[in-house]
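# An overview of the molecular structure
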Amino acid sequence: MPKQDIFSMKFSRVYPLLVQKAVRKGRTREEVDALVTWQTGYTAGDIAAYLDSEEDYGSFFAAAPAPNPLRFLVKGSVCGVKVQEIDDPLLREIRILDKLVDDLARGKSPGKILPTK
């Protein structure tokens, strides 16, 4: 899928897929929300509002109210590509969340996934 396709997909379509990935592995939506909140500064209420909107996934990240400066410390690969080597800023934001959710689905708790310094 070309990167532009993921940018234009509706948030309300993509986000439930992230939650499903985590829930299938025994994790919760609240844990996924905690990862999103940490990365973007959105509240759980903000996320719920986006789920009821027509906003696209790219706009969700572009409008993040308080992006966490530590998000760039997230390392690892998603789909064979190292997150830290992605040049496109918006695509990197998307893949950072993918990596966080992947780690959550692998059984790591949010406290162990999120960089602290």
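Preceding this section is the structure that the text describes.
No experiment lies behind these values; they were computed from the predicted model shown. (Residues numbered from 1 in each chain as written. Predicted model: local features only at pLDDT ≥ 70, side-chain atom pairs only at ≥ 80, totals over all residues. Heavy atoms only, no water.)

You will see that Cys 79, though not glycine, has its phi angle at about 55°, which is positive. Within the secondary structure, Cys 79 sits in the loop between strand 1 (77–78) and strand 2 (81–82). For Cys 79, a relative accessible area of 72% corresponds to the exposed category. (Helix = DSSP H or I, 4+ residues; strand = E, 2+ residues; numbered from the N terminus. Buried < 20%, exposed > 50% of the residue type's maximum accessible area, 1.4 Å probe, protein only.)

Time to look at the pattern of salt bridges. Here the structure, examined in full by the defined rule, presents eight salt bridges. The partner of Arg 29 in a salt bridge is Asp 33, and the shortest N-O contact between them spans 3.8 Å. Note that Arg 29 and Asp 33 are positioned in helix 3 (residues 29–40) at a spacing of four residues, about one turn of the helix. Of the residues examined, Asp 33 reaches a relative accessible area of 11% and is grouped as buried. Across the salt bridge formed by Arg 71 and Glu 93, the nearest N and O atoms sit 2.6 Å from each other. Residue Arg 71 is located in the loop between helix 5 (57–62) and strand 1, and its partner Glu 93 is located in helix 6 (residues 89–105); the two are separated by 22 residues in the primary sequence. A network of salt bridges, in which partner residues are shared, links Lys 99, Asp 103 and Arg 106. (Salt bridge = Lys/Arg side-chain N within 4 Å of Asp/Glu carboxyl O.)

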